[in-house]
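Summary of structural features
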Amino acid sequence: MASLASMLAASLPAQQANSAQNSTPQPPKETIPKNMAHAVDVEAEIEIEQVKLEALVVSKIIKHGRETPYSNASGVLLGIDVLGALEVTNSFPLPPKGGAGADDDEGGRSHLRYQAQMLRQLAFVSGDTTIVGAYHTVTMGQFYKQTVVDSLVGQLEKIRHGGIVVIHDVTQTSRGNASFKAFKLSRAYLSARKSGKFNAQSLVDNQLTYSEVFVELPVVIRNSPLTTAFLKSFRAPTSPSAYSTSSSFNDLSLPPPSAHTRALESLLDSLDSYKSEENNITYLSRQIAREKAKAEAHIAKRKEENAARVAQGLAPLPEEDVSRLFKAPPEPSRIESVLLLGQVDAVGRELEGLTSTEMLKMYAARAGST
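In this report, the structure presented in the accompanying data block is examined. (Residues numbered from 1 in each chain as written. Predicted model: local features only at pLDDT ≥ 70, side-chain atom pairs only at ≥ 80, totals over all residues. Heavy atoms only, no water.)

**Observations concerning the environment of Pro332**
On the secondary structure map, Pro332 appears in the loop between helix H11 (322–325) and helix H12 (335–369). Those residues within four positions of Pro332 in sequence are excluded, and the remaining contacts are Phe198, Asn199, Ile281, Leu284 and Ile288. (Helix = DSSP H or I, 4+ residues; strand = E, 2+ residues; numbered from the N terminus. Contact = heavy atoms within 4.5 Å.)

In structure tokens, the structure reads:
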């Protein structure tokens, strides 16, 4: 008994029957809706120009920095990029790598294991699992650190747009000013890194200074619609009795002297580190110059000997590979000194802002007492 499919195929013309038999159902192609095509940057061609932080992320970073006020805390940022704006919707902290004697490689592997475990847990509860950057907490504005640069370099090949880093200053937050700054690596630094050298000539060619290592991005902190509606539900008191008529001079209070002491200590430590790095570079530069002078003297002496032998009718001596006889050390990298100089500038600006605010309060108090 013929099947229904064979009967239908027999009733069709030969060409249509063959096409009907050979045709197989194809899965529908996933296409981006036209109204979202301009917003979805599939090829990551739109550069990040703004960072939007959810209030939840801000609260988590502040809490993490408050728990570790005198150590550099770090964590992972999760979110998505839309139309040149990086929307950070969630984050989670990373555990400390250990003490001073801990192995950096082992600490890095433990971070990767912890990060993979956290992403699996977030995926289980349908949370955001797309890594868009990292955050670091610092004190006295000291974000010019090799750890911050290494964090961004590690994101270049793994994250769309190269990733960003959010810097949270714990010192500013302790004074009532929540400080959040977003940075990405500059083109000058990426060009110098591509050449594989950070010597003096590379820094000059790429015009790389401490102020050109990072590119700062504007940061916008936004709340969820429910939080915004809750905040708007508050109303200012309208009755005159609700306002306090007593004078308050709390705004003129000065921070304890320990704040100046810590700022000056940080500035002196940065200057000492910069001076020590410059001494190391100077020593290596002298050693390189010494080896080059020895090589040039050897070449000049060999040329004189060959000239004398030719004058005597003898065959000249073969030329030797000078690089094997005199092994000069490679030219030292200057990126560390550039970052340390940025540290000095950052601490100096922090100290300037601290003292200028206090002087303004002192003059205001003096004017009010006269």
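Structure shown, so let's carry the discussion forward.
**Brief notes about the packing of aromatic side chains**
Tallying each qualifying case throughout the model produces 8 aromatic pairs. Seen from their ring centres, Tyr144 and Phe214 are 5.8 Å apart, and the 55° between their planes marks the pair as tilted. Taken as a pair, Tyr144 in the loop between strand E4 (131–138) and helix H5 (146–155) and Phe214 in strand E7 (residues 214–217) lie far apart in primary sequence, 70 residues in all. Like Phe214, Tyr144 is buried. Taken together, Phe143, Tyr144, Phe183, Tyr210 and Phe214 form an aromatic cluster joined through their ring pairs. (Phe/Tyr/Trp six-rings, centres within 6.5 Å; stacked < 30°, edge-to-face > 60°. Buried < 20%, exposed > 50% of the residue type's maximum accessible area, 1.4 Å probe, protein only.)

**Considerations on the pairing of strand E3 (residues 85–93)**
The element E3 is extensively covered by neighbouring structure, given that 7 of its 9 residues are classed as buried. In this structure, strand E1 (residues 50–54) lies alongside E3, joined through 4 bridges in parallel fashion. Residue pairing across strands places Val51 opposite Leu86, the latter belonging to E3. With 8 bridges joining them, strand E2 (residues 74–82) and E3 adopt antiparallel strand pairing. Within the sheet, the bridge partner assigned to Asp81 lies in E3 and is Leu86. Between E2 and E3, which pair antiparallel one after the other, the connecting turn spans 2 residues, and Leu83 there sits at a positive phi close to 55°. (Pairing = 2+ DSSP bridges.)

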